[in-house]
Amino acid sequence: MNSTSSDSLKLGVNIDHVATLRQARYAMNPDAPNVEPSLLAAAHEAEAAGADSITIHLRQDRRHIQDRDVFELRRGIHTKLNLEMGNTSEIVKIALEVRPDFVCLVPENRQEITTEGGLDAVGLSEALIPTVKSLQERGVLVSLFIDPEAEQIRAAAKIGADMVELHTGAFANSAIDGGDAEFELLRTAAILAHDLGLRVNAGHGLNLPNLVKLLRVPHLYELNVGHHLVARGLFVGLARSVRDFKALMASYPLG
Ligand code: PXP
């Protein structure tokens, strides 16, 4: 499941915020003829600009992505679909029906603004094992979104996950260009995950200023980025926002 050195670093574009904007006006009137913005149009624009996958989070409270978005994107996108989700029976059932290319299991708390800490793969392993297995049996590759800690990575490998997504939130929040101590945790975690045969993804809070340092983390396969791409897209357009990000990623691996 590790990437090979000839692979280029991939970018998953999270379009939850596009759904947030749509829901702000049309949550109560989803079938209005003038509903906008279109998630599928956003996904196609991101793909044309270099996105390697489209990421969406179907939350229990359905605050942005709706069930029918998941099915429409599954049918309509040209790249891979990465579904972020909490490990609840209702959402797992939907994932088994949709069969996204990837599922990333995340912790979910109804009060949070976005996903906060990583998943506790150590404490929740008994509940995670059957979910991971049932998704894999349907041909879905499974990732666990975890903090860059050795015990969490070992637990992810033991659970049988295909990949981990290292939580970069602490790195992103600690300095404008990414914190040094937090960078070191990510670097060490990526090496351990790679050594254990896990594909290594990373995401949360990544932006152009902190990407430069993040690219010094070895063994990365895919980055998942949402907020910055959409926020900068308000000024430069989503396509250019994705293109500029991908252009900087092209220097990976750095030395
Ligand atoms: N990865 C995971 C697991 C997430 O929950 C999120 C936020 O939805 C992201 C990546 C993207 O984070 P951001 O929007 O800060 O780029």
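Structural data are supplied above this passage.
Residues numbered from 1 in each chain as written. Predicted model: local features only at pLDDT ≥ 70, side-chain atom pairs only at ≥ 80, totals over all residues. Heavy atoms only, no water.

Draft legend 1. Quick look at the nonpolar core. Counting 71 residues, the largest nonpolar core has L144 and L223 as the members making the most contacts within it. Element by element, the count of residues in this core is highest for helix α8 (residues 180-195), at 6 residues. With near-sequence residues (within four places) excluded, L144 lies in contact with C104, L105, L119, A121, V132, A156, I159, A161, M163, V164 and E165. (Core = buried A, V, L, I, M, F, W, Y, C linked by side-chain atoms within 4.5 Å. Buried < 20%, exposed > 50% of the residue type's maximum accessible area, 1.4 Å probe, protein only. Helix = DSSP H or I, 4+ residues; strand = E, 2+ residues; numbered from the N terminus. Contact = heavy atoms within 4.5 Å.)

Draft legend 2. Representation of the pattern of salt bridges in the model. Tallied over the full model, the rule gives 13 salt bridges. A salt bridge links R62 to E90; the shortest N-O distance between them is 2.6 Å. Placement of the pair is R62 in the loop between β2 (53-57) and α3 (67-76) and E90 in helix α4 (residues 89-98), with a sequence separation of 28 residues. Taking relative accessible area as the criterion, E90 reaches 41% and is therefore assigned partly exposed. Overlapping salt bridges bring together R59, D61 and R63 as one network. (Salt bridge = Lys/Arg side-chain N within 4 Å of Asp/Glu carboxyl O.)

Draft legend 3. Geometry of the pairing of strand β3 (residues 80-85). Among the 6 residues in β3, 5 count as buried, and that is most of the element. Looking at chain direction, β2 and β3 are connected through 5 bridges and run parallel. Paired with I56 across the strands is L83, a residue of β3. Here 4 bridges tie β3 to strand β4 (residues 102-105), and the two strands are oriented parallel to one another. (Pairing = 2+ DSSP bridges.)

Draft legend 4. Structural detail: unusual backbone geometry. Residue P37 is reached from E36 by a cis peptide bond, and omega for that bond is 0°. Secondary-structure assignment places P37 in the loop between α1 (16-26) and α2 (39-48). Cis rather than trans, the peptide bond between Y252 and P253 has omega equal to 0°. Inspection of the secondary structure assignment puts P253 in the segment after α11 (238-249).

Draft legend 5. Expanded view of the packing of helix α6 (residues 150-159) against α8. Interhelical geometry of α6 versus α8 gives an angle of 20° and a closest axis separation of 10 Å. In terms of their interaxial angle, α6 and α8 are classed as roughly parallel. The hand of the α6/α8 crossing is right-handed. Note on element contacts: α8 touches α6 through A189, L192 and A193, opposite A150, I153 and R154. Partitioning the contact of α6 with α8 into residue classes produces 5 nonpolar, no polar and 1 charged. (Axes fitted to C-alpha atoms, helices over the stretch in contact; angles between N-to-C directions. Parallel < 35°, antiparallel > 145°, perpendicular 65-115°, else oblique. Left-handed = near helix turned anticlockwise from the far one by under 90°. Nonpolar A, V, L, I, M, F, W, Y, C, P; charged D, E, K, R; others polar.)

Draft legend 6. Representation of the sheet that holds strand β5 (residues 141-146). Read once around its circumference, the closed barrel built from 8 strands follows the order β1-β2-β3-β4-β5-β6-β7-β8, with strand pairing classed as parallel. Averaged over all adjacent pairs, the angle separating strand axes in this sheet is 25°, with direction ignored. Packed onto the sheet, α11 meets β1 (10-14) and β8 (220-225) and runs at close to 155° relative to β1.

Draft legend 7. Broad picture of the packing of helix α10 (residues 227-236) against α11. Running from N to C, α10 and α11 point in directions that differ by 125°, and their axes come no closer than 7 Å. With respect to α11, the element α10 is oriented oblique. Handedness of the α10/α11 crossing: right-handed. Judged by residue contacts, H228, L229, V230, R232, G233 and V236 of α10 engage L238, R240, S241, V242, D244 and F245 from α11.

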